[in-house]
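Each chain, letter by letter, is given below.
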Protein chains: 4
Amino acid sequence: MIFLRNDYSLGCHPDVLKALTDTNMELTVGYGLDDFCASAADKIKTIIDCPSADVHFLMGGTQTNLTCMSAFLRPHHSIISADTGHICVHETGAIEATGHKVNHMPTPDGKLRPADIEAAVAYHEDEHFVKPRIVYISNTTETGLVYTKSELYALREACDKHGLLLYMDGARLAMALTSPVTDFDFTDLPKIADAFYIGGTKCGAMFGEALVIVNDSLKEDMRFLIKQHGGLLAKGRLLGVQFGTLMSDNRYITWGTHANTMAKKLADAITAKGYEFYIKPESNQIFPIFPKELVAELEQKVSFEKWQYSTETHECIRLVASWGTTEEEVNAFLELI
Amino acid sequence: MIFLRNDYSLGCHPDVLKALTDTNMELTVGYGLDDFCASAADKIKTIIDCPSADVHFLMGGTQTNLTCMSAFLRPHHSIISADTGHICVHETGAIEATGHKVNHMPTPDGKLRPADIEAAVAYHEDEHFVKPRIVYISNTTETGLVYTKSELYALREACDKHGLLLYMDGARLAMALTSPVTDFDFTDLPKIADAFYIGGTKCGAMFGEALVIVNDSLKEDMRFLIKQHGGLLAKGRLLGVQFGTLMSDNRYITWGTHANTMAKKLADAITAKGYEFYIKPESNQIFPIFPKELVAELEQKVSFEKWQYSTETHECIRLVASWGTTEEEVNAFLELI
Amino acid sequence: MIFLRNDYSLGCHPDVLKALTDTNMELTVGYGLDDFCASAADKIKTIIDCPSADVHFLMGGTQTNLTCMSAFLRPHHSIISADTGHICVHETGAIEATGHKVNHMPTPDGKLRPADIEAAVAYHEDEHFVKPRIVYISNTTETGLVYTKSELYALREACDKHGLLLYMDGARLAMALTSPVTDFDFTDLPKIADAFYIGGTKCGAMFGEALVIVNDSLKEDMRFLIKQHGGLLAKGRLLGVQFGTLMSDNRYITWGTHANTMAKKLADAITAKGYEFYIKPESNQIFPIFPKELVAELEQKVSFEKWQYSTETHECIRLVASWGTTEEEVNAFLELI
Amino acid sequence: MIFLRNDYSLGCHPDVLKALTDTNMELTVGYGLDDFCASAADKIKTIIDCPSADVHFLMGGTQTNLTCMSAFLRPHHSIISADTGHICVHETGAIEATGHKVNHMPTPDGKLRPADIEAAVAYHEDEHFVKPRIVYISNTTETGLVYTKSELYALREACDKHGLLLYMDGARLAMALTSPVTDFDFTDLPKIADAFYIGGTKCGAMFGEALVIVNDSLKEDMRFLIKQHGGLLAKGRLLGVQFGTLMSDNRYITWGTHANTMAKKLADAITAKGYEFYIKPESNQIFPIFPKELVAELEQKVSFEKWQYSTETHECIRLVASWGTTEEEVNAFLELI
């Protein structure tokens, strides 16, 4: 079976496993107050060029999202998101379970735009409505797109205009930073976002996400909130060790680049064979449209997911490459089409 | 100023005030355990022909809605509603504040249809999504429409097909029961809805709504939930006295009919003068489209709200008649257009 | 039946009913934005000598408490309360339902003291604990006691020392202000509390409480929070009319004095007959200890509640006088013992 | 530094690390639907002799507790717990953040008894109170005690008498199962508890807890609730691999025994030297009382925590042994006293 189903199918990059193994019998204090976490946080602050940021390590993306929304908002505040956003669709109402409405904004492609922010703000007139307070974006998006630098700064400007916070879900940040279309880098992030997270789970770590809080007004008592939602890992050092590894020797960039490169190789060959895409391929998730018979054949030999779009004769599938996807797997897939 | 702004601008119908006055110095136990409440509940059960129903009296619509959703749902359950529904738009995220997502379904006119239920159920595939559990409708709708009998039973059927509950917000039930287009009556309600409320605030009472729970599985411990949300009025007898009045001598029907009649008189005259409506007038809320200059003139002499739709030359306003609207007011308005 | 069961057994004081009747057919805008509410708020601000306060009108005490705690706190904040506090015992977990722990502090008599605040603060060491943020007191207490001026200022000092807010539940504020032992007045309240409410339901109104927010940092967007919890009464004017009446012509003080006077007459006579009290009688709730046979006899002719304390031979009962309790009722009771 | 501070200071048992390493490059589906999880669940069901149980794997104890309380309870339900219970003290109000009150019951030693259940049930009279629904116990307790078999069945009986559920927090279940005073085994657990979890984090795993739901009525849609609280690990297989290891070759029992044995060696020697204990030593957490000068000396060479009790001359400290504590560490400590 060729596995192009998702980017969390392997354990972790061997470098991460080695680091966990090397440090396994070291004794540390708990709950992320250890030196591994401190060191990893410092590396992140250096890389993003933001010494004043607060860095916290959590175990997963949904947990990070719900903890932040709960921490940053008052009860009547809502979150503006593209309606394809992870918090809208794939978190079982985790945000609402903390008491907040998510304003689902329809978009043509999964990217939120300043006009969507304007529309959301205009719609919520008075105290009979929730009050939008945070703009949520994912980069890369759930549709595999990358926000460009100018798009990101335009969103920041729209937020500033309306007194809104900007939060970036970086579950696939490694790929967002390294796509062929990317024109921003790590140091833009603290200028754009009030808070964001650097995804580990889908980017080579065994598990874990690094939350970066840039805006001073959002920092207070964050560890209380993380603990309250069950996110303060007793052995926090596991996260410190992992992110220390990811953030060293350019690994995060290297692994993201690899995932994108493998996906681009797939996309280019698929294009060359005359197939179209449901959404323009830009990162490690691509969405080709194939004849239904071909999809049926592929299902015998490839693990992947079907994706929304379907006509009488064709349907869309999602192919995902990761840090661990090999040229052999890519070639084997391409031979099938 | 001619007041056609809403149906909660007066205190209460004089009959209600008389009943409150007549009973003012009677001593009763608190929290709705008095005889006035028991008697009013019995009247309701008789009128809807459902002796097994549970009846609770609450103070307002938002309170009733949020208490029911909180009581009837588990944390991962969501509510399907037309995106114009009161719980979607005008309750400051009250439902989400109890932890539940509301699935906003777009509709052409504010009426939810079985196809919307099908779409919502189909979209929520697995445990990464919330699980729709209740269908919320308002009757009359926020757009002034009335669900017909066949529409209501079709929604019931769609709910049964998917194991969903049906909840009806009856803030303006008096008008829904008495519109010229209405073909259902009080006795249909327990056959259609698992729970619904009979609106008092907008239908002649000073304040208060009567919640009717039909489905046995939803009845347990309801008083706990009402109390938890601050809805167990210490002087519950005030609600018993009011609903005892509303449910006697056909008052609820008479007052609803009056509101609809006044609105129809407005609508017919507006139509006769060649104006169109944003939504077909069916009950006590009507939505004529007027030239902007006329709207500007009306604003000098009439209290009303503007409504969504607007072109370069025209805009929509909402006119609302109530149990207390007089022929004189209607005629005075008609002279202005 | 002599009714000494509680202070919410009658409808409302005739003056309140008259005001509601006189204004019943006036047309106003909704949701408390009317002139009656504005005027009542102004009266309150004058009486408490705090022109900068924000005043909001809500429908009941539990609703006011839960709305404030939800509005004033971040998710990890807790509330320090005597374990006899209304929010601890009699609100069905309303505060916890908004996500906050209440720290129940045992006290000998229902009065919270600075030492309790110290103990609560000391106990909650770090981010594994909730973080106390508000001190909740009721005045009068649920045990019928009145905080003295020096006690109130000492609590304020303890709060300031630890960066805590002080919230006062004034469900029975009329009686707290007018007890024979009272040595503070309305103008002390904004100096003591960051927020408090002036009880209407138990002090002569038909229903309603007036929330006063003194601390500027707690004022923002309060109407959103009130609406979200179903507390923004559509006919807000009903509350404005009532509090306009209560706050005029010294009525609030007069009615509270009457309730206390009736209770004192009961207490003095009970003492004279040689009975003791479970808690020292100070306001309109008193807690005599009677022989069990006497209690059994009283139950035939008087409506009251038994209260906690019980020995083999004796038990405690609660007697409550209100603005409406008559000398005749008091004398009739005293003849029974 | 001799490390006797807690049982989560190391990474994981080498056998667990080996299993993670051996399976690292296997490709699996996500979210715990893989074969490793299925196999580990089967092992657990066999070991506890309860084929009908549902097993879910979560990442930490607080997360498991809050997810279960949220899943098993309606909003007005409360949890009865010893006031030393982890959910009372050390979870930053995580349970309250899901909307539920925890009834803190004082106990002499951290063990809940049937009389505590009786007291809690009796106290909560009607709908003005929360309604106790779950009894929470930790085994071992936070005070290092082990519930005996008869104590456990007595709690079960008290729960059955009042229609309550029994939930057991097994963060240190390995030690509870293997203490010198233990007289129950794995197969008793499903007879005693409606749900419980088998702790991994403190018992040799890198991280993770195995939740076992015995009571059929609590099983429905549990994966939704886990996901909603951020507990559905994308790489769920990591938990399957770990628990597959823990539950094989008697490892869980062996490792728990080792921790208890090291602690007993400490306790016996401390006793022999004439010191007393704050709480009787029964498992891997022990609480000796030492002269303050000795504690000050120990602080130079041993990592541990101080514990509550303190007099002018003496204070209590907590020493914790784990699967990884060595005889050398124990001896080194004993040489210091």
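Quick note: structure is the one above.
Starting afresh in each chain, residues are numbered from 1 along the sequence in its written order. Note on labels: chains are lettered from A, ligands numbered from 1, in written order. Only residues with pLDDT of at least 70 are given local features in this predicted model, and only at 80 or more are side-chain atom pairs given and counted; all residues enter the totals for whole chains, interfaces and linings. Side-chain measures were taken over the full set of non-hydrogen atoms in the model, leaving aside hydrogen atoms and water.

**Student:** Please explain the sheet that holds strand E4 (residues 102-105) of chain D as it appears in this structure.
**Tutor:** Think of a sheet as strands paired side by side through backbone hydrogen bonds, with each pair either parallel or antiparallel. All names here are of chain D. At least two bridges found by DSSP between two strands are what make those strands a pair. Secondary structure counts use DSSP, requiring at least four H or I residues in a row for a helix and at least two E residues in a row for a strand, with both numbered from the N terminus. Strand order in this open sheet of 7 strands is E2-E8-E7-E6-E5-E3-E4, and the pairing throughout is mixed. Edge positions in the sheet fall to strand E2 (54-58) and E4, since each has one partner strand and no second. In this sheet, adjacent strand axes meet at a mean angle of 25° when their direction is disregarded. The sheet contact formed by strand E5 (residues 131-138) and strand E6 (residues 165-169) spans 5 bridges and is parallel. Residue pairing for E6: valine 135 is matched across the bridge by leucine 166. Along the sheet, helix H2 (residues 35-47) makes contact with E2, strand E7 (195-199) and strand E8 (209-213), crossing E2 at roughly 125°. Fitted lines through C-alpha atoms serve as axes, helices being fitted only where they are in contact, and the angles separating the N-to-C directions of these axes extend from 0 to 180 degrees. Throughout, a residue-residue contact means that at least one pair of heavy atoms, one from each residue, lies within 4.5 Å.

**Student:** Looking at this structure, how should I read the relation of the copies chain D and chain A?
**Tutor:** Two copies of one chain are present, and they are related through a rotation about an axis combined with an axial shift. Least squares is the method used to superpose the copies, on C-alpha atoms of residues holding a pLDDT of at least 70 in both. Expressed as a screw transformation, the operator carrying chain D onto chain A has a rotation angle of 180° and an axial translation of 0.0 Å, and the superposed copies differ by an RMSD of 0.0 Å. Here the transformation between the copies is reduced to the relation of a two-fold axis. Counting the interface residues of chain D, we find that 100% of their copies in chain A are interface residues as well, pointing to one common contact surface.

**Student:** How should I be thinking about the interface of chain D and chain C in this particular structure?
**Tutor:** One widely used convention gives an interface's size as the accessible area the parts lose upon coming together. Taken residue by residue, the interface counts 18 residues in chain D and 18 residues in chain C. Summed over both sides, the interface between chain D and chain C buries roughly 1500 Å², with carbon and sulfur atoms accounting for 52% of that surface. Reported buried area values correspond to the accessible surface (1.4 Å probe) lost by two parts on association, with both partners' losses combined. Among the residues chain D hides against chain C, the three largest losses belong to D:Thr92, D:Glu96 and D:Lys101. Together they make up 37% of the total. Think of a salt bridge as a Lys or Arg side-chain nitrogen and an Asp or Glu carboxyl oxygen that are within 4 Å of each other. Applying the counting criterion to the chain D and chain C interface returns 2 salt bridges. Where D:Glu96 meets C:Lys101, a salt bridge forms, and the shortest distance between an N and an O atom there is 2.7 Å. The term polar contact refers here to a pair of N or O atoms within 3.5 Å; inside protein, the definition further demands a hydrogen-donor-capable atom paired with an acceptor-capable atom, and it admits residues adjacent in sequence only when both atoms are side-chain atoms. Counting across the interface, chain D meets chain C through 12 residue pairs in polar contact (both at pLDDT 80 or more). Counting residues per element, the ones that place at least two in the side of chain D that touches chain C are helix H4 (86-89) and helix H5 (94-97) of chain D. Residues belonging to the side of chain D that touches chain C are distributed by class as follows: 6 nonpolar, 8 polar and 4 charged. Charged means Asp, Glu, Lys or Arg here, nonpolar means Ala, Val, Leu, Ile, Met, Phe, Trp, Tyr, Cys or Pro, and polar covers whatever is left, Gly included.

**Student:** So what exactly am I meant to see when it comes to the environment of A:Leu73 here?
**Tutor:** All names here are of chain A. Turning to its location among the elements, leucine 73 is positioned in the loop between helix H3 (61-72) and strand E3 (77-82). Between the alpha carbons of leucine 73 and glycine 93 there is a distance of 16 Å; along the sequence they are 20 residues apart. Setting aside its immediate chain neighbours within four residues, leucine 73 contacts Ile79, His100, Arg133 and Ile134.

**Student:** What exactly am I supposed to notice about the packing of aromatic side chains here?
**Tutor:** Working definition: an aromatic ring pair is given by the centre-to-centre distance plus the angle between the planes. Pairing of aromatic side chains here covers Phe, Tyr and the six-membered ring of Trp, requires ring centres within 6.5 Å, and sorts the geometry by plane angle: under 30 degrees stacked, over 60 edge-to-face, intermediate tilted. Applying the stated criterion across every chain, the model contains 34 aromatic pairs over all chains. Look at D:Tyr136 and D:Tyr167: their rings are 6.0 Å apart centre to centre, the planes differ by 25°, and that puts the pair in the stacked class. Here D:Tyr136 is found in strand E5, whereas its partner D:Tyr167 is found in strand E6, with 31 residues between them in sequence. Like D:Tyr167, D:Tyr136 is buried. Over a ring means this: the NZ of a Lys or the CZ of an Arg is within 6 Å of the ring centre and within 35 degrees of the ring normal. The side chain of B:Lys111 reaches across the aromatic face of B:Tyr147, ending 5.7 Å from its centre. The buried label goes to any residue with under 20% of its type's maximum accessible area, the exposed label to any with over 50%, and the partly exposed label to all in between, with areas taken from a 1.4 Å probe on protein chains only.

**Student:** Where do I start with the relation of the copies chain D and chain C in this structure?
**Tutor:** When chain D is fitted to chain C, the residual RMSD is 0.0 Å, and the transformation amounts to a turn of 180° plus an axial shift of 0.0 Å. Mapped onto chain C, 100% of the interface residues of chain D again fall at the interface, so both copies present the same surface.

**Student:** What is the right way to read empty space enclosed by the protein from this model?
**Tutor:** Over the atoms a probe the size of a water molecule is rolled, and this reveals where empty space is left. Every definition here rests on a 1 Å grid over the protein atoms only: cavities are sets of points where a 1.4 Å probe fits but cannot get out, pockets are open sets enclosed by protein on both sides within 12 Å along at least five of seven lines, and lining residues have some atom within 4 Å of a point. Grid points are joined across faces, edges and corners, and a volume is the space filled by probe spheres set on the points. Throughout the structure, instances matching the rule amount to 7 cavities of 30 Å³ or more. Empty space within the largest cavity amounts to approximately 310 Å³. Forming the walls of the largest cavity are 25 residues, and the residues nearest its centre are B:Tyr31, C:Gly61, C:Thr62, C:His86 and C:Lys202. Broken down by secondary-structure element, the contributors of at least two residues to the lining of the largest cavity are helix H3 (61-72) and strand E5 (131-138) of chain C. By residue class, the composition of the lining of the largest cavity is 9 nonpolar, 10 polar and 6 charged. Looking at the second largest cavity, its volume works out to about 250 Å³.

**Student:** Explain helix H14 (residues 327-336) of chain B here, please?
**Tutor:** Residues separated by three or four positions in an α-helix point in the same direction, a consequence of the helix having 3.6 residues per turn. Residues and elements named next belong to chain B. Listed as buried for H14 are Glu329, Val330, Phe333 and Leu334. Down the axis of H14, the buried set is contained in an arc of 135°. They therefore lie on one face. For H14, the exposed residues set more than 90 degrees away from the buried face come down to Glu328 and Glu335. In this structure, the buried side of H14 is in contact with strand E1 (2-3), helix H12 (251-272), strand E11 (288-291), helix H13 (292-301), strand E12 (302-303) and strand E14 (314-320). Directions from the helix axis toward the C-beta atoms define the arc.

**Student:** Quick question: what am I supposed to make of the pattern of salt bridges here?
**Tutor:** Pairs can form between side chains of opposite charge whenever their charged atoms are close. Enumeration over the complete set of coordinates arrives at 77 salt bridges over all chains. Among the ionic pairs, A:Arg113 bridges to A:Asp109, the shortest N-O distance being 2.7 Å. With a closest N to O distance of 2.8 Å, B:Asp221 and D:Lys131 form a salt bridge. A residue pair is termed interchain when its members come from two chains, as with B:Asp221 in the loop between strand E8 (209-213) and helix H10 (222-228) and D:Lys131 in strand E5. Taken together, the salt bridges that share partners define one network made up of A:Asp15, A:Asp249 and A:Arg251.

**Student:** Looking at this structure, I do not really get the interface of chain D and chain A. What am I missing?
**Tutor:** The interface is formed by 45 residues belonging to chain D together with 45 residues belonging to chain A. Summing both sides of the interface, chain D and chain A together bury roughly 3900 Å²; the carbon and sulfur share of this comes to 64%. In this structure, the connection of chain D to chain A is made through 0 salt bridges. Inspection of the chain D/chain A interface yields 20 residue pairs in polar contact (both at pLDDT 80 or more). If you list the elements that add at least two residues to the side of chain D that touches chain A, you get helix H1 (14-22), helix H3 (61-72), H5, helix H10 (222-228) and helix H11 (237-246) of chain D.

**Student:** Just to check I follow, could you spell out the packing of H12(B) against H14(B) for this structure?
**Tutor:** Packed helix pairs are specified by the crossing angle of their axes together with the interaxial distance, meaning the distance between the axes. All names here are of chain B. Orientation of H12 relative to H14, taken along the N-to-C sense of each, is 20°, at an axis distance of 10 Å. As far as their axial angle goes, H14 and H12 are roughly parallel. Note on packing geometry: the crossing formed by H12 with H14 is right-handed. Taking contact as the criterion, the partners of Met262, Lys265, Leu266, Ala269 and Ile270 in H12 are, on H14, Glu327, Val330, Asn331, Phe333 and Leu334. Class assignment for the residues of the contact of H12 with H14 results in 7 nonpolar, 1 polar and 2 charged. For this classification, under 35 degrees means roughly parallel, over 145 means roughly antiparallel, 65 to 115 means roughly perpendicular, and everything else is oblique. Here is the rule for handedness: rotate from the far helix to the near one, and if that takes an anticlockwise turn smaller than a right angle the crossing is left-handed, while a clockwise turn gives right-handed.

**Student:** How should I be thinking about unusual backbone geometry in this particular structure?
**Tutor:** Excluding glycine, most residues fall at negative phi; most peptide bonds, likewise, are trans. Here the residue pair A:Asn139 and A:Thr140 is connected by a cis peptide bond, since its omega of 0° sits within 30 degrees of zero. Its place among the elements puts A:Thr140 in the loop between strand E5 (131-138) and helix H7 (149-161). In this structure, C:Gln308 takes a positive phi of about 40° despite not being glycine. Relative to the helices and strands, C:Gln308 resides in strand E13 (residues 305-310).

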